Structures are given as C-alpha cells and as structure tokens.
Amino acid sequence: MQIIGILVGLIYRTLFMTGESGLRNVPSILKIILIVLSALIYIPLYREPYIPLLIILIIGLLGFNRWWAAASLSLSSIPGIWYGLTAYLFGLAGFSNYITPLEAIMIYFRTTYISLLVLFAGSIISPVRLANLMIKIGLGDKAITPIILWRTMPAGLHDMMEALAIGSLKGEKAWKRLGPATASMLEYSQFVWENNYHRLESSLKSRLPCRVEKKYTVLIIAGIIIDALIITLYFAEII
C-alpha cells in the first residue's frame, strides 16, 4: 500500500504540484520545438544517454523546482531499473545475450530518459493555452475540458492518497483499498460535473488570458540551442 501511495504522490508532484506557472508560461511553439529536438538528440547520444537526461533534469529543475526534478527522476527510473535489471539477469541466466553491468546501466539511462521526456512534455502543457487552441480551431464548446481536468485531477489524486493512508492505518491490504479510493475519485468527478454542468455544456466565446514569462522563455530557448548544436555537430561528422 505504501508503494502505491508513493507512486500517486510522485505523479502528483510531477504533473500537478505547480499551477499555471514556470515552463507552462512559455509560447507553445518553443516547447514543441524543444520536445522534438530532445527526442532527436537521443540518436547522436545513444551511447551517452546520461547527457540528454541531465539536460532535461536541469531545465526542469530551473523551470519548476527541485521537487519536480526529484519526483520525475524517481518515477521515470522505475521502468529504467526494470529494463536494465531484467536484461542483465536474463543474460546472466542464459535466456538472452549476455550484457555487462555497464551495458545494463546504459539501458537504464536510455529507458529513464525516454520516460523522463514523456513526463516533461506532460508537465509543460498549459491547460489555458490548450483551451485557447481549441477555441481557435472551432472547438469552443469543449475548450473548458482541459481547465476542469487540471483542476479536478489533483483533488482526485489527493483523495486517493487519503483513502490509501486510511487503509494503511487500519492494516488493510492495498487491493482492498483500491476500490474505495477509485470510488472516491469517481464521486468527486461526479460532484464537479453536477456543479459545473452549465459551464461544461456551454461554449467559451473568447480566449482566456495567458502570460509569457521571459526568464522561462530564455531557458527553453537555451535548451533548444544546446539540442540543435548537438544534432548539427552529429550530422556534420557524418557528412
């Protein structure tokens, strides 16, 4: 049960601990470019996957806070440890090609980087900018949805953590508390739906105000420049 609670807490710190601030207040086009380039540098740095991992961690640390960096690294390390450890043990047992401990560590870094990049992309999504985009493309009647989701999901995760904590105090097994915890989240979502029915069923007529924070914009641009230089040097060597 403690493990499930820890996982829920990590998800909360990674995606929902910060509001409409930090890297979310950067123009969407710059964030898209950074994500694309961050995915592309996986190719030239395939043998040094810890470098792009460090770049994303530094950007997240400066753009959010140390809690985001710690939670995101811990969460993304779970599949990395699993793939690295199983690959090494399977090779040691003769079920697959043998790999050295160093190769297993590289597998960990590669898998962790991919997971961290996905979490980073989800963390920098701005629900306000997403709603404005939906209004722009003619989906104004659905534009309130991302705003409501970003407001209700943290509360639902909080209720789940409380339900798991209650079960832990009672000494109940984790699987027995998953039902009540899930029911708590569904009840909360239904409550939100009932109290915001008139908003959810109406269309937003105008775009929501959003701001651009210069220091975080500069941070994203710096990340773009670093990634672009790495990719350029790689292709220059090939040519």
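Structure first, text after, so check above.
Residues numbered from 1 in each chain as written. Predicted model: local features only at pLDDT ≥ 70, side-chain atom pairs only at ≥ 80, totals over all residues. Heavy atoms only, no water.

Colleague: Looking at this structure, I do not really get the overall build of the chain. What am I missing?
Modeller: Tallying secondary structure elements over the chain gives 10 helices and zero strands in all. Listed by position from the N terminus, the elements making up the chain come as α-α-α-α-α-α-α-α-α-α. Counting every position in the chain, which comprises 239 residues, the buried fraction comes to 40%. Sequence-distant contacts in the chain: of pairs separated by 6 or more residues, those separated by 24 or more amount to 81%. Surface summary for the chain: the accessible area is close to 14,100 Å², and the carbon and sulfur share equals 69%. (Helix = DSSP H or I, 4+ residues; strand = E, 2+ residues; numbered from the N terminus. Buried < 20%, exposed > 50% of the residue type's maximum accessible area, 1.4 Å probe, protein only. Contact = heavy atoms within 4.5 Å. Areas by Shrake-Rupley, 256 points an atom, 1.4 Å probe, with all protein chains shown as cover.)

Colleague: Would you mind showing me how to read the packing of aromatic side chains here?
Modeller: Aromatic ring pairs are reported here in terms of the distance separating the ring centres and the angle at which the planes meet. Counted by the stated rule, this structure contains eight aromatic pairs. Aromatic pair tyrosine 88 and tyrosine 98: ring centres 6.4 Å apart, planes at 50 degrees, arrangement tilted. Placement of the pair is tyrosine 88 in helix H4 (residues 66-93) and tyrosine 98 in the loop between H4 and helix H5 (101-123), with a sequence separation of 10 residues. Residue tyrosine 88 is classed as partly exposed on the basis of its relative accessible area, which comes to 22%. (Phe/Tyr/Trp six-rings, centres within 6.5 Å; stacked < 30°, edge-to-face > 60°.)

Colleague: Whenever I open this one, the packing of helix H3 (residues 50-63) against H5 confuses me. Can you help?
Modeller: Two measures define how a pair of helices packs: the angle their axes make with one another and the distance between the axes. Two numbers describe how H3 lies on H5: the axes approach to 9 Å, and their chain directions differ by 30 degrees. Helix-helix and strand crossings are classified by hand; for H3 and H5 the assignment is left-handed. Between H3 and H5, the residues in contact are Tyr50, Pro52, Leu53, Ile56, Leu57, Ile59 and Gly60 and Met106, Phe109, Thr112, Tyr113, Leu116, Leu117 and Phe120, respectively. Across the contact of H3 with H5, the residue classes break down as 12 nonpolar, two polar and no charged. (Axes fitted to C-alpha atoms, helices over the stretch in contact; angles between N-to-C directions. Left-handed = near helix turned anticlockwise from the far one by under 90°. Nonpolar A, V, L, I, M, F, W, Y, C, P; charged D, E, K, R; others polar.)

Colleague: Any chance you could explain the pattern of salt bridges here in plain terms?
Modeller: Two side chains that carry opposite charge are able to pair once their charged atoms sit near each other. For the structure on display, the rule yields one salt bridge. Between arginine 211 and glutamate 213 there is a salt bridge, and its shortest N-O distance comes to 3.5 Å. (Salt bridge = Lys/Arg side-chain N within 4 Å of Asp/Glu carboxyl O.)

Colleague: What should I look at first to understand the nonpolar core in this one?
Modeller: What tends to happen in soluble globular proteins is that the nonpolar side chains get buried as a cluster. One finds Leu23, Ile59, Phe120 and Ile220 to be the most contacted residues of the largest nonpolar core, which totals 26 residues. Sorting the residues of this core by element identifies helix H2 (28-40), H3, H4, H5 and helix H10 (214-238) as the ones contributing at least two each. Per-element tally for this core: the top contributor is H10, with six residues. Setting aside chain neighbours within four positions, we find isoleucine 220 in contact with Leu23, Val26, Leu30, Lys31, Leu34 and Ile59. Core analysis: the second largest hydrophobic core is formed by eight residues, Val128, Met134, Ile135 and Ile147 among them. (Core = buried A, V, L, I, M, F, W, Y, C linked by side-chain atoms within 4.5 Å.)

Colleague: What am I meant to see in helix H6 (residues 127-136) here?
Modeller: Structural remark: α-helix, 3.6 residues per turn; residues separated by three or four positions point the same way. Across the 10 residues of H6, seven count as buried, placing the element largely inside the fold. Of the residues making up H6, those classed as buried are Pro127, Val128, Arg129, Ala131, Asn132, Met134 and Ile135. Glycine 138 occupies a position one or two residues after H6 and carries a positive phi of about 90 degrees.

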